[in-house]
Amino acid sequence: MALQILHEAWGPLGQGNKALLEHPELKRIADYHRKTVAQVILRWHLERGIIVIPKSSSPKRMKENSQIFDFELSSDDILQINQLNVGKRYSVKPTGYMIHPIYHKLMKLFIK
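Residues numbered from 1 in each chain as written. Predicted model: local features only at pLDDT ≥ 70, side-chain atom pairs only at ≥ 80, totals over all residues. Heavy atoms only, no water.

S.K.: Just to check I follow, could you spell out the overall build of the protein for this structure?
M.R.: The number of helices and strands found in the protein is six helices and two strands. For the protein, the N- to C-terminal ordering of α and β elements is β-α-α-α-β-α-α-α. Taking all 112 residues of the protein together, 29% fall into the buried category. Expressed as a percentage of contacts within the protein between residues at least 6 apart in sequence, the contacts between residues at least 24 apart total 67%. Put simply, the protein shows about 8,700 Å² of open surface, and 57% of that area lies on carbon and sulfur atoms. (Helix = DSSP H or I, 4+ residues; strand = E, 2+ residues; numbered from the N terminus. Buried < 20%, exposed > 50% of the residue type's maximum accessible area, 1.4 Å probe, protein only. Contact = heavy atoms within 4.5 Å. Areas by Shrake-Rupley, 256 points an atom, 1.4 Å probe, with all protein chains shown as cover.)

What follows is the structure, encoded as structure tokens:
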């Protein structure tokens, strides 16, 4: 029996992580498609069947984040992006523990 569970990318843009948004390989792919790195990342999620809900308070970025339906990534693009995975998480591990030690200490103050 298939449960048909859909995955959602929580913080699909690495919560604005500069190293991610300036990654040379992602930049190369983005330049080829005349898109931003953020648009390439969002498109990569969509093409893998993952739900994306990027957060932004900037009207310019909100518009940019919605302009990802006029291009497709090639299988080579997807392969290159897939190979970038180093297992780094920018927020919460699947176990629920915060990555950054300061976050972990702060959470202990508020959650008992």
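S.K.: Mind showing me how you'd approach the environment of Gln-80 here?
M.R.: With respect to the secondary-structure elements, Gln-80 resides in helix 5 (residues 75-82). Counting along the chain gives 55 residues from Gln-80 to Glu-25, while the straight-line C-alpha distance between them is 7.8 Å.

S.K.: Would you mind going over the confidence of the model for the protein with me for this structure?
M.R.: Low pLDDT marks stretches whose predicted atomic positions should not be read closely. Looking at the protein, the pLDDT average stands at 84 and 80% of residues meet or exceed 70. Here helix 6 (residues 101-110) stands out as the least confident element of the protein, with mean pLDDT 67; helix 2 (residues 24-33) is the most confident, with 97. (pLDDT = per-residue confidence, 0-100.)

S.K.: How do you make sense of the nonpolar core when you look at a structure like this?
M.R.: It is characteristic of soluble globular proteins that their nonpolar side chains tend to be buried jointly. Core analysis: the largest hydrophobic core is formed by 18 residues, its most contacted members being Val-40, Leu-73 and Ile-81. Residue assignment for this core shows that the elements contributing at least two residues are helix 2, helix 3 (37-47) and helix 5. Here this core gets six residues from one element, more than from any other, and that element is helix 3. Val-40 has contacts with Ile-29, Ala-30, Lys-35, Phe-71, Leu-73 and Ile-81, leaving out every residue within four places of it along the chain. (Core = buried A, V, L, I, M, F, W, Y, C linked by side-chain atoms within 4.5 Å.)

S.K.: Which parts of the structure should I look at to understand the packing of helix 2 against helix 5?
M.R.: Each pair of packed helices can be summarised by the angle the axes make with each other and by the distance between the axes. Look at helix 2 against helix 5: their axes get within 10 Å of each other, and the N-to-C directions meet at 160°. Relative to helix 5, helix 2 is oriented roughly antiparallel. Between helix 2 and helix 5 the crossing geometry is left-handed. For the pair formed by helix 2 and helix 5, the contact residues are Glu-25, Leu-26, Arg-28, Ile-29 and His-33 on the first element and Asp-77, Gln-80 and Ile-81 on the second. Taken together, the residues that form the contact of helix 2 with helix 5 break down as three nonpolar, two polar and three charged. (Axes fitted to C-alpha atoms, helices over the stretch in contact; angles between N-to-C directions. Parallel < 35°, antiparallel > 145°, perpendicular 65-115°, else oblique. Left-handed = near helix turned anticlockwise from the far one by under 90°. Nonpolar A, V, L, I, M, F, W, Y, C, P; charged D, E, K, R; others polar.)

S.K.: Explanation requested: the pattern of salt bridges in the structure shown.
M.R.: Two side chains carrying opposite charge are able to pair once their charged atoms lie near each other. In this structure the tally under the stated criterion is four salt bridges. Across the pair Glu-25 and Arg-28 runs a salt bridge, and its minimum N-O distance is 2.7 Å. Of this pair, Glu-25 and Arg-28 both sit in helix 2, separated by three residues, roughly a single helical turn. Judged by its relative accessible area of 41%, Arg-28 falls in the partly exposed class. (Salt bridge = Lys/Arg side-chain N within 4 Å of Asp/Glu carboxyl O.)

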